[in-house]
Amino acid sequence: TSGISCTGYQSIVIGLDEVYPEMTSEKQMEISKVLVQYLRNSSVASSGPACNQNISTTTEWLTVNLGRFSMSLNYSDLILLNNNLGGVGALDSLSPEQKADLILDPNSNALENETLILLVFDSLQGSADNGQLDVFFETFVAVTKQQNITIIKNSAVREIMLNRTLEALAPRLSSFKTEDFAVWFQINLFLLLPSIQPANLAVIPNNISCDSYRAVIEGFDTVFTSLSATQSEGIFDFMNNYLIRSPTQGSSCVTAGMSNRDWLLTNFGQFRAFASYGDLIKYNKDFSGMDSLDLLTETQLAQLSATPGLLQKPEDVQNVLKNVNAANFGQFFDVVSPAIQANEGSFSSEVRSAMVQEVFDEGQLSSPSISDTEVLQWLDLRLKPLLPGITISQVSLLFDIVKIRSCQTGQEVVNLLNSISSALTESTQREVYRNILLSLEDPAPIRCYTNSSFYWFLNNTFLSFVRFLPVSSFLSVMPKGQETELIKSVTPAELSVFLSQPGAIDNTSALSTILINYNRLPEFLDDFNKQSAQANLTAEVKTTILTSVWATAVSTEDQVDQWFGTRLSPYIGFLTKDLIGSNETLTAKCSPFRKIVSILGTNFTYTSFAKADVYSTIKTYLTTGTKPKCYNAADPNLNSTEWFTDYIGAFIQFVTLDDINTFGSVDTLKVFSEDPANIQLFNNTAIPSDVISFYVSLIYQQNPNAMPLELPGIFLCYVPSSAFTNLNQADSITVPSKFTQFCNSTITTEVAAILAENIANVNAETITSLGQQSVALTPAQITGALTSVLVSSLSTLSSVVGWNQGQANALVQRLTDGGYQFNSAASLLSLGTLVEGLPSSYLINIAASELVTLSQSSNFVNNLLSGPQILQEVFVSQIITVNQDPNIILQNVPDSMGNFIPMPYLIIPQSSFSIETINNKTWTPEQASLFFDKVPASTGDYESLSTSVLQGFTCSGVRSVEISKVKNIVKACRPRSGRQKLKLEESQLTCMTDLVTQDAPQDFENYPPDMLLYYQYNNVQASNCRSYFNATGAADFTIPSPILNKDTTLLENAKECLGITGTTLNSDNVEVLGNMCCTLNGSYIENSDSSILEKLKNCGDLTSEQVASVQNVLFGSNTKYGNTSSWNETTLDDLGILPLYLNTDFWDKFNSGDIRNFLKQFLPKLREDKTDLEKIKNLFGQFNNVRSRRGIGCTAGNITEVSLSDGAFPFGYDVTQFNLCLDTNIVKDNLGALTEKVIDENYENVILTKLDEAYPTEVPEDQVQLLGATSRQASLDQISKWIITKIDTIAALMDPYNGAWDPTKSNAIITKYLNNKQANKASQASLGATELNSIGGTNLCALNISVLNTITEDSLSNAKPLNVSACSAEQKGVIYGIAKSAFSAQRSDQLAYYNLIKSYLRGAPLDDIRNMSAQNINMDITTFRSLSETVILGLSVPEVKGLLGNGLQDLKTFENDPLIRSWISNQLQSDLNLLGIGLQGGKTAPVPTVVGAVTTPIPAPTQTPTPTGIANQNIAHALQTLLLGVMILVLQN
C-alpha cells in the first residue's frame, strides 16, 4: 500500500470490506495490521488523523478508512490512529470490546463520568445483537484483571452499571443455566455487586434451580464485607423467600451426599449469621451443625447445645465451647444448664463431664478474687446439674476451688459429693477419697483433728468414702514421730478387722511398717489367720507378712515346729528370692535352716524364684563358719552323717564340683559318703557328672575296697578303674551291660582293659558278654583263645569298633589258623571291622568279580577304609582288572575310593563324561586336574561341584572356558556352610587371581579367602578395604611362598585400612584380621586384646616367639581363662589346640591329675587328626618332665595292657622308668599299642631294644608291620633282622605320617624287600605300581639307578604321581624317561599328557620343555619353578610365554625367585617388555660398532638353536646384510 493515495487506499478498503465476512479471523487480523500500518505512515505527513479529508465525523472516518476491519483492533490502537475516537460520537462505531476498553481507559476518565457510562450502556442495549453485552463484559473482566482494578470507587457509576446490566439481563435470566448465573454473579458483576439493593433481587426468578441459586449466593458472598447490614438483610430475605418455596419441607436445596457444612456454606454463605438455629433446622431437618460449629454464632451454639440429644460425646462439647468466648460462659450455661436439668436423660455423663472440664479450664473459679458466695452459686446452680458427670481428673479441680477456703466450706464439698455418691463411678469415688486425703495433709497435717480417737476422726472426715482408706493412707496422715503411738492404740482385733477390709492392704511397705512396729504380733497373726479375708490375700501381701515375721521365726531354736508347722503355713508358699537370700536366712540357726531345706525340697511350688536360688543360699550358708557347717561329731543334735541330705537335700542337682570342695575338705566330707541316705541322694542323673564322680571318689577314699556292683548303677560310670581289679570273671562280664544301661557311653579303654585282664578264659560267652569291650582283649588273649571260639564269636568280634592293627592282625591270623577260608565276598563281608587285619594278598587271591560285589556294600567299604591304605589300594586295583573301560571303572569303584584309581583310567572323552558320577567320588588333586577341563562343559551348576572335583582347578583346565564361567567356578571354591574348606595350591590360587580379578571385583566374600591373599591390593577400593580383610581373615596364611613376603605386605595394608598404629589390636581389629593373627609376632600378641588367643587356635603352627607371648598373655590373668591359680582340666579343654604348642612353664601351672585327664582325650584326638608327629613329640617333651632317681627300680608302676589302654600313656614315665617298667613280653604282645602312643626317640629306642631281646635273630613280619614311627629309630643292624616279604609290610613301614626315613635305611628296607621278592620269583624283581605308591617319591630317591631302571612303564603309569624333588638330576632323568614312555599313548591329548607327566618334568631335557611351549598347556608356576635350572635358563622369552599361557602374570608375582631372577637377567629387556607384565632387569640390546663403512655386530649369547630359532637367526642375518649394503651406498654418494 505504500505510495497509494488516500483515495486509492479508501477504495481498497471498500473492496476488502465487502468480502470481510468470508475471511478467516486470522486473515481479518492480518489485513487490519496492514491498514493500520498505512494509516500510521500517512499520519506522519499530516497534523491530524490520516486520510481525514472531506470527513466530518469519527464514525465516517472509521467507515471509510477501516471499514469493518476496525472491529479487529484494540481501542488503544484506534486512539493512536485518531484521538477523536475517544469521544461520544464514535460509540456506535466501536465494538463491545472497544467500548469496554474505552470506559476502562484511564485517559477517558469514564469511571467517573456517569453520562458516558449511560451512553455506553445505551449503545450496548440499543444494539440488535444481544451478545454485545456478553462480549463487553468478557473484555471488561479481562481488562480489570489486567489493570488490577479491584473496586469501582464511584458508587453512582457502579450502581448505573449494575442496574443497567440487570435490566438488560432480566429477560434472559429465566433461561439461564447454572453456569450462566455463575459467570454473571461471580465474575462479570463482581465489581458491581457492592451496589446491590433488595429491589434488584426481584429480577431473579424464584423458580431457578438450587445450583443456580447457590451460584448467585456465592457471588453475593464474595462481596459480603462490602455490603451494609441493610443490603445483607435484604439478601437474607431473598434467601428465605427462595428456600421456603422448597417442595419438600425441611429439605431446602439439600442434595444427596452433601454435608451439613457444605449445605450451610453453599446456601447461606456468610449470611448465615442472620439465621437462628431453628431457621437452619427448618430448612434442613437433618442439620445438626456439628460439622459447622465454627460457622455458627455463640447464640446459635447455645441453642444447639441446649437441644436434647444433640451433644453425644465430649468432643462435641469441646468443639462447641472452643467457639464460645470464656467471658460469655455464664450466659451460655444460663441457657444450657436449665435445659440439662429439665432433660437429664438426654445429656450423658460424658457430655456433662466435658462441660465441667471446660468450666474448670476457663472459668477461673479457683481464683482468690472469687468469693465463697460466687463459688457456691456456680456449684448450686450452674454446675450442680453437671456434677453427676464429673470424672476422676476433674475431682481434683473441684477440690482446688475450695482448697484455700475454710474447713467448713471444704467439708461442704465433701457433703455435696457424698450426697450424689451413688451417681458417681467407683473410680470417681476413689478420686474423691484421694482428694479428701490430700486435704488432710495440706496445708497442715490433720489440721481439723482433735484428741478424739484417730480412727473415729478419719471415719467422720471421709464419710462414705472411708471405705477406700488403706494402710498406706492410714500411715501417711500420721504426723511424723507419732506413728508408733497411734499404731499401738489399735487392738489386735481392731487391726485384724481393719486389715481384713477389702482393699485395705494396698501397700506392703506400709503393712510391713505396721507389723514391725506392732507389739502384739503373735496374737494378731493367730486372730488374723481365722478371718475369712485371709484366704483372699494376694501373694504380695502374704509375702510381706512372711517377711515381717521371718527374722523371729528363723532365730527361734525351740519353737521351730510351731512357727514352720502352723503359724507360717498360709504364707510359707510365698517365699521370695530376696527373703531366701536375706541376712536373716544366712544367719539362721541350724534347726530352722534344716527345716527350710526340707520344706522347700518337698512338694514346694516355685513361682517367684527357682530352686537354683534356694541352692545359692544353701551354698552361701554352708560356706560360712566352721566347715562342714552344722556338723559336730560330739554334739548329739549335729552329729548326723546325713549331712548332704539334711542341708542340701533335693537341691543337690545344683551342686558344682567347685561348690562341693568349698563345703569342707575331702577328709571331712568323705565321712558322709557311705551314709545310705546320702548315697540315695546322689543317685540322681540330674546331678552334674563331675559331682557324682567326686562323690564316688569320696566313697573310695573312705573305703578303697568298696565293690562297684554294690553301688547305684550311675555310680558305676565313675568308679575308679582300679576298683574293677577286684572283680572276678563272672562279675566282669556283667559290667559292659550295666555301662550300657546306666552310663549311656562306652566303657573307658582302661576299664575295658582291666575287665579283659580279669578274663582268665576267653570263651564264646565272655566275648558275647563283653561285646564292644572285646576290643580290650590283648593279642596274647586272642592268640590263646581256641580258634573254634573265635570262629563261633565272629559275629560279635566283627562288629567291635576300635581294634588296633596288632589285634586285628592276630584275630585274622587265628581265624585262618582255625581253617576259616577268606576266598569269597561272603567270607570277607563276615569279617566286618576285622577286615583291617586282612593281608592284602587275600584280596589278590579272590576273584575280582567277587570284589566288585563287595564294593556295593557300604559296611564293607567303610570297614576297609578304616584299615591300612594298602588294602584299599589293592582292592581298587583288583576291581579295575574286571573291566578297564573308564566308565565301568567309575561304576565299580566305590565313591570313597576313587582316589585309588590310576590316572590313565581317568582320561574320559567329553562325550561320555558324567559329572554326576565324577562329582560323587573322592579324588586327589592330581586326579581332579586330569579331567577338570571336561567339567565346565558338563554342567552350569558349579555351586553343586564337590570340593573333591573343584580341587582340580588349574589354568590349563580352564584355558578354553569363558571368563564369566571361570569366575563362577572360582566363586564355587569359596568356603560354604556344611562342607569342608577347599584346599588349593599356590599355583591354583595365583591362576585364579590372574583370571578373575581383571575387573577388580569388590564382592570379596564371594571368592575363596586363600585366593584373596594374591589379590592386587591397589585394586581394593578404600571404602571396601575392611570387607577385603574380613574375607581374607579366613585364609590360610601358610600357603604363600616366603619369597612373596605376603605376611608383611598384607599386615601393613591392613593396619592402614583399619587405622592401627603400633602393635596394639583391639577386639574389632582381631576379629577382622582373623587368621592373619597367625602371622603376627609376639609384640602384637602381648599388646592386643586377649581375643587374639581364639584366632591363634586356627593357626597351623606357632613359632617359639609366638608361644612365649601366648603364655605371657595367659599368665597375665586378663583372659577369659582366669588366674593361673584356678586353672584345671576344664582350662586345658577350653584352650583348644593351643596346649599342643605350649612349653613346660605352662604345664607347670597344672597338677598331674588334670594333665593326665586332659591328655586321655587330647592325645588320641591329635593322632586321629593326623597331627604332625614332630609337634606331638615336642608336646610330650614339655608336659612329661618328670625325673626319677637312679637305681631304685620301677616306681611308676609296671606297664601292662591296662597301662597301654590309658589315652595319656606314657605320661608319668620318664625314659628310665619306662625302661625299668616295660617287660619284654608286653612289647611282644602289645607292640602296635606301644608304637602308636610312644613317639619320643629315647622311648622308641627302649622299645627296639626290648624287641631285640624278644627276637634276637629275626623279627617276625607281623611285628615289623606294627613298628610305626618307632621304625625310624632302628639301626641298619636292627633292620637287617626284620622279615620283609609282603607289600603290606612295606606299606606299613613307609607310611609317611610316621616320619621321613634316613635314605640309607629306606634303601636297605626296599632292597631287602626286592631281594626277597626276587628270590621268590627267581628273576630280577622290580617295583610295581602298588609298591611305588607305598614307597613314595622321596624314598624312591634313596634307591640306586640300577633299581630305578627296573621300574616298568606300566608300573609308573599306574602309580600315583611321585614327588621326585629329593632325587639327583640323574635319578630325575631316569624316572622322567620311564614316565615319558609310560604316558606316550596319551600324547595326542596334550593337556592330559601334561597332567600325567607333570610331577616328573623336573628331569625333562630342554628340548622336551621347548616342545611343550607350543602346546597351549598353561603350565602352572609351581611346575615351572621345579624345572631344572639348566632348562629354565635355556628358555627364550617367547618359549616361557608359550609355556605359562594365561598364568604368565605369575612370572611377575615370583620375579624375586632366584632362579626366575637369573632367567630375567639372561634375557633382553626389549624381549621382556613384549610380555607386558612389567618385568625389569633384563640386558640392554647390543649396539653395533661402526668403523667407516663396516658394521661389526656384537654376538648374542650362545644358545642351543631350535628350528624356529635358526629361522629367526637367518632373517636377522639377512636384515643386517641389507642394512650394511644401504649404508655403503649412502657413504659412496
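Located above this text is the structure these notes cover.
Note that the structure is predicted; figures quoted are calculated from it, not measured.

Draft legend 1. Here's a closer look at the overall build of the chain. For the chain, the helix and strand inventory stands at 91 helices and 2 strands. Taking 2.2 N^0.38 as the reference for a compact globule, 1533 residues should give roughly 36 Å; the C-alpha atoms of the chain span a radius of gyration of 57 Å, well beyond that estimate. Over its C-alpha atoms, taken along the principal directions, the chain stretches across nearly 160 × 145 × 65 Å. Classification of the 1533 residues of the chain by burial places 50% in the buried group. For the chain, the proportion of contacts with a sequence separation of at least 24, taken over those separated by at least 6, is 67%. Summing over all exposed atoms, the chain offers an accessible surface of approximately 68500 Å²; the carbon and sulfur share of this is 49%. In the chain, the 95 positive side-chain charges and the 149 negative ones have mean positions that sit 4 Å from each other.

Draft legend 2. Seen up close, the side chain of Thr 165. With respect to the secondary-structure elements, Thr 165 resides in helix α8 (residues 155–173). In contact with Thr 165, not counting residues within four places along its chain, are Phe 121, Leu 133, Phe 137, Trp 184, Leu 189 and Leu 192.

Draft legend 3. Structural view of helix α17 (residues 349–362). Across its 14 residues, α17 extends 20 Å between first and last C-alpha, which sits within 8% of the 20 Å expected from 1.5 Å per residue. Residues of α17 that are buried: Val 351, Arg 352, Ser 353, Ala 354, Met 355, Val 356, Glu 358, Val 359 and Phe 360. On the buried face of α17, the contacting elements are α15 (314–321), α16 (329–342), α18 (372–383) and α19 (392–402).

Draft legend 4. Structural context of the pattern of salt bridges. In the structure shown here, the tally under the stated rule is 43 salt bridges. We note a salt bridge from Arg 164 to Asp 122, for which the minimum N-O separation is 2.6 Å. Of this pair, Arg 164 sits in helix α8 while Asp 122 sits in helix α6 (residues 114–126), placing them 42 residues apart in sequence. Classification of Arg 164 by relative accessible area gives buried; the value is 15%. Using a relative accessible area of 39% as the deciding quantity, one classes Asp 122 as partly exposed. Three or more residues are tied together by salt bridges with common partners; here these are Glu 750, Arg 1156, Lys 1160 and Asp 1206.

Draft legend 5. Representation of the environment of Asn 52 in the model. With respect to the helices and strands, Asn 52 occurs in the loop between α2 (25–43) and α3 (58–65). The class of Asn 52 is partly exposed, set by a relative accessible area of 28%. Distance in space between the C-alpha atoms of Asn 52 and Asn 82 is 9.5 Å, their sequence separation being 30 residues.

Draft legend 6. The arrangement of the state of the cysteines in detail. One pass over the full model with this rule turns up 10 disulfides. Between the sulfur of Cys 590 and that of Cys 630 lies a disulfide, 2.1 Å long from S to S. When the S-S torsion is -85°, as for the bridge of Cys 590 with Cys 630, the disulfide is left-handed. Of this pair, Cys 590 sits in helix α32 (residues 590–600) while Cys 630 sits in the loop between α33 (611–622) and α34 (643–647); the two residues are 40 residues apart in sequence, bridging distant segments of the chain. You'll find Cys 590 and Cys 630 in the same group, each marked buried. The partner cysteine of Cys 1025 in its disulfide is Cys 1057, sulfur to sulfur 2.0 Å. Measuring the twist about the S-S bond at about 85°, one finds the Cys 1025-Cys 1057 disulfide to be right-handed. With a gap of 32 residues between them, Cys 1025 in helix α60 (residues 1025–1032) and Cys 1057 in helix α61 (residues 1046–1058) connect regions that are remote in the sequence. Left without a disulfide partner, Cys 973 is nearest to the cysteine sulfur of Cys 991, which lies 11 Å away. Free of any disulfide, Cys 1077 has its nearest cysteine sulfur in Cys 1078, 7.0 Å distant.

About the thresholds
Residues numbered from 1 in each chain as written. Predicted model: local features only at pLDDT ≥ 70, side-chain atom pairs only at ≥ 80, totals over all residues. Heavy atoms only, no water. Helix = DSSP H or I, 4+ residues; strand = E, 2+ residues; numbered from the N terminus. Rg over C-alpha atoms; globule rule 2.2 N^0.38 Å. Buried < 20%, exposed > 50% of the residue type's maximum accessible area, 1.4 Å probe, protein only. Contact = heavy atoms within 4.5 Å. Areas by Shrake-Rupley, 256 points an atom, 1.4 Å probe, with all protein chains shown as cover. Lys, Arg positive; Asp, Glu negative; His and termini not counted. Charge placed at Lys NZ, Arg CZ, Asp CG, Glu CD. Expected span 1.5 Å × (residues − 1). Salt bridge = Lys/Arg side-chain N within 4 Å of Asp/Glu carboxyl O. Disulfide = S-S within 2.5 Å.

Bear in mind that shape data such as this cannot, by itself, settle questions of function.
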